[in-house]
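Chain residues, written in single-letter form:
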Amino acid sequence: MGRVRHLRWWIVALICAGTVANYLARNSLGVLAPELKVRLAMTTQQYSYVVGAFQFAYTVMQPVAGFIVDRFGLRAGFALFGVAWSLANMLHALAFGWISLALFRGLLGLAESAAVPSGIKAIAEWFPARERSVAVGWFNAGTSLGALIAPPLVVAVSLWANWRVAFAVTGAIGLVWAAAWWVFYRPPGQHPAITEDERALIAADRPATPSRPASAGEIVRTSRFWIIAIPRFLAEPAWQTFSFWIPLYLATERGMDLKQIALFAWLPFLAADLGGVLGGYLSPFLMRRAGLRLVPSRVAGVVLAAVLMIAPGCIGLAVSPYLAIALFCVGGFAHQMLSVLINTLSADVFTPEEVGTANGFIGQAGWLGGLLFSLLIGQLADTIGYAPLFAALSVFDLIGAAVLLLGMKQLRLPETVR
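It should be emphasised that the depicted structure is a prediction, and the values quoted were computed from it without experimental measurement.

For the rest of this paragraph, the subject is the overall build of the protein chain. The secondary structure content of the protein chain amounts to 17 helices and zero strands. Here the C-alpha atoms of the protein chain give a radius of gyration of 20 Å, agreeing with the 22 Å that 2.2 N^0.38 yields for 418 residues. In terms of principal-axis extent, the alpha carbons of the protein chain reach across some 60 × 45 × 35 Å. With 418 residues in all, the protein chain has 60% of them scored as buried. Across the protein chain, contacts joining residues at least 24 apart in sequence account for 84% of those joining residues at least 6 apart. Accessible surface, the protein chain: about 15700 Å² in total, of which carbon and sulfur atoms supply 70%.

Structure follows, in structure tokens:
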């Protein structure tokens, strides 16, 4: 294999493609929710249980998936999880009621839980700290890009064939990516295409390797873990609400049909892509122009994003569905900016040998928040409406930003090799 300059950015592109496949499979359910409620005779509450099955499985499995990729290798681990989530998504086509749909959704949650810990671990392995937030921004763009592609693709396949074929198609895309990951990924020390200059650049910035990675118990007992995990717990309900509930909200409260949803439901995820990418560049910009150090630059971006999250909290006041979609767009932009910087902080303050496990537990905290909020929506949306629930999301993010500000001094970077 020939040498490739700036190979680390090609690695980010490969990770981004994986998150596109992951979120395309994940968001297929939300796009098809209005039709599935009719076809499978589901109530809103039962739909929340289907969503909750995915969230519960994902929540439980995320630190386990992080541990697996830390201990057994990123190349094989991520590829196997990719095959597993693809097959689980294809099984959705066999659902005959909400209980079977929830079962298949739970299997999908178990398998998809590896995506973020694996991506963050790969970036920690391949990037120096000063470039890490930019890399996470591009990697994170795959989450919203997959969600962006899902409405037009899933609706198109559903109208061309049916909803069962739509699940099969979105699952098959993941199988193609898993094969590509297995063929092309290697860590920097083993990749045959890396240049010696790039290998030296990465090695010079790596933290000193401890005698052994911290155990799971040691990780969760550190203050830096909780200072990142609490804001993630408070922030994740917004993204999961956008991913799983926007189509149903537009159908039930704004009167849109499936074709209208396909035309407009992808726009918040386009804005989310922009927020994720620009959020990655914001931290280096603040370091260069405002003289902030690494961790304060990340926290400043989170605070800005939390303020912007006030916009989706005002959706209940929107007089038209198009204004509501515009506010969702601001929310998508703000949340992904926030998400990039929180995920980057986990790669900053934990070593590459333990970051998969650490990010898995941080992700578990986030998904626990998302699970609880989705169940709350299922219980309350038909009685009090969505407006108070969207307002709560804004408050959550402001509280999370305050936690980061108060605990910022505890977020110390590992010692680097000089």
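Okay, back to it.
The subject of this paragraph is the nonpolar core. Taken as a class, soluble globular proteins show a tendency for nonpolar side chains to be buried jointly. Ranked by internal contacts, the top residues of the largest apolar core, which has 126 residues, are Leu36, Tyr47 and Trp181. Of the domains in this structure, domain 1 (1-207) and domain 2 (215-417) are the two that each give at least three residues to this core. Apart from the residues within four sequence positions on either side, tyrosine 47 is in contact with Leu29, Gly30, Ala33, Met42, Phe244, Trp245 and Leu248.

With that settled, consider the packing of helix H1 (residues 7-39) against helix H7 (residues 163-184). To characterise two packed helices, one gives the angle between the axes of the helices and the distance between these axes. Here H1 crosses H7 at 170 degrees, and the two axes come no closer than 9 Å. Judged on the interaxial angle alone, H7 and H1 are roughly antiparallel. Looking at the contact of H1 with H7, its residues break down into 17 nonpolar, four polar and two charged.

Turning our eyes to something else, we now look at helix H13 (residues 294-308). Over its 15 residues, H13 runs 22 Å from end to end, which matches the ideal 21 Å to within 8%, given 1.5 Å per residue. Among the residues making up H13, those that are buried are Leu294, Val295, Ser297, Arg298, Val299, Gly301, Val302, Ala305 and Ala306.

On to the side chain of arginine 8, then. With respect to the helices, strands and loops of the structure, arginine 8 is situated in helix H1. A relative accessible area of 6% places arginine 8 in the buried class. At 2.8 Å, the side chain of arginine 8 and the side chain of glutamate 131 are in polar contact. Apart from the residues lying within four places of it in its own chain, the contact partners of arginine 8 are Trp126, Phe127, Glu131, Glu198 and Leu201.

In this section: the domain arrangement of the protein chain. Each assigned domain of the protein chain is listed with its residue range as follows: domain 1 (1-207) and domain 2 (215-417). With centres defined by C-alpha atoms, the gap from domain 1 to domain 2 works out at 18 Å. Taken together, the contact between domain 1 and domain 2 spans 58 residues of the former and 60 residues of the latter. Note on domain 1 versus domain 2: buried area summed over both sides is about 5000 Å², and carbon and sulfur give 65% of it. Of the charged contacts, one joins aspartate 348 and arginine 132 as a salt bridge, the two residues approaching to 3.6 Å between their closest N and O atoms. Counting across the domain 1 and domain 2 interface gives 15 residue pairs in polar contact (both at pLDDT 80 or more). Listed by contribution, the elements that provide at least two residues to the side of domain 1 that touches domain 2 are H1, helix H2 (44-72), helix H5 (115-126), helix H6 (129-160) and helix H8 (196-205). Among the elements that make up the side of domain 1 that touches domain 2, the one with the highest residue count is H6 (20 residues).

This next bit is on the packing of aromatic side chains. Applying the stated criterion across every chain, the model contains 24 aromatic pairs. For the ring pair tryptophan 163 and phenylalanine 167, a centre distance of 6.1 Å and an interplane angle of 90 degrees mean the geometry is edge-to-face. Separated by four residues within a single helix, tryptophan 163 and phenylalanine 167 lie in helix H7, roughly one turn from each other. The class of tryptophan 163 is buried, set by a relative accessible area of 5%.

You can see alanine 318 is positioned in the loop between helix H14 (310-313) and helix H15 (321-349). Alanine 318 sits 69 residues away from alanine 387 along the chain, and the two C-alpha atoms are 9.7 Å apart. Residues within four places of alanine 318 in sequence aside, it is in contact with Arg254, Leu323, Ala324 and Leu327.

Here the focus is the environment of proline 268. Relative to the assigned elements, proline 268 resides in helix H12 (residues 267-289). Using a relative accessible area of 3% as the deciding quantity, one classes proline 268 as buried. Distance from proline 268 to arginine 289, taken between C-alpha atoms, is 30 Å for residues 21 residues apart in sequence. Filtering out sequence-adjacent residues up to four positions away, proline 268 remains in contact with Ile246, Ile325, Phe328, Cys329 and Gly332.

What counts and what doesn't
- Residues numbered from 1 in each chain as written.
- Predicted model: local features only at pLDDT ≥ 70, side-chain atom pairs only at ≥ 80, totals over all residues.
- Heavy atoms only, no water.
- Helix = DSSP H or I, 4+ residues; strand = E, 2+ residues; numbered from the N terminus.
- Rg over C-alpha atoms; globule rule 2.2 N^0.38 Å.
- Buried < 20%, exposed > 50% of the residue type's maximum accessible area, 1.4 Å probe, protein only.
- Contact = heavy atoms within 4.5 Å.
- Areas by Shrake-Rupley, 256 points an atom, 1.4 Å probe, with all protein chains shown as cover.
- Core = buried A, V, L, I, M, F, W, Y, C linked by side-chain atoms within 4.5 Å.
- Domains from an automatic or database assignment.
- Axes fitted to C-alpha atoms, helices over the stretch in contact; angles between N-to-C directions.
- Parallel < 35°, antiparallel > 145°, perpendicular 65-115°, else oblique.
- Nonpolar A, V, L, I, M, F, W, Y, C, P; charged D, E, K, R; others polar.
- Expected span 1.5 Å × (residues − 1).
- Polar contact = N/O pair within 3.5 Å; in protein donor to acceptor, adjacent residues only side chain to side chain.
- Buried area = accessible area lost by both parts, 1.4 Å probe.
- Salt bridge = Lys/Arg side-chain N within 4 Å of Asp/Glu carboxyl O.
- Phe/Tyr/Trp six-rings, centres within 6.5 Å; stacked < 30°, edge-to-face > 60°.

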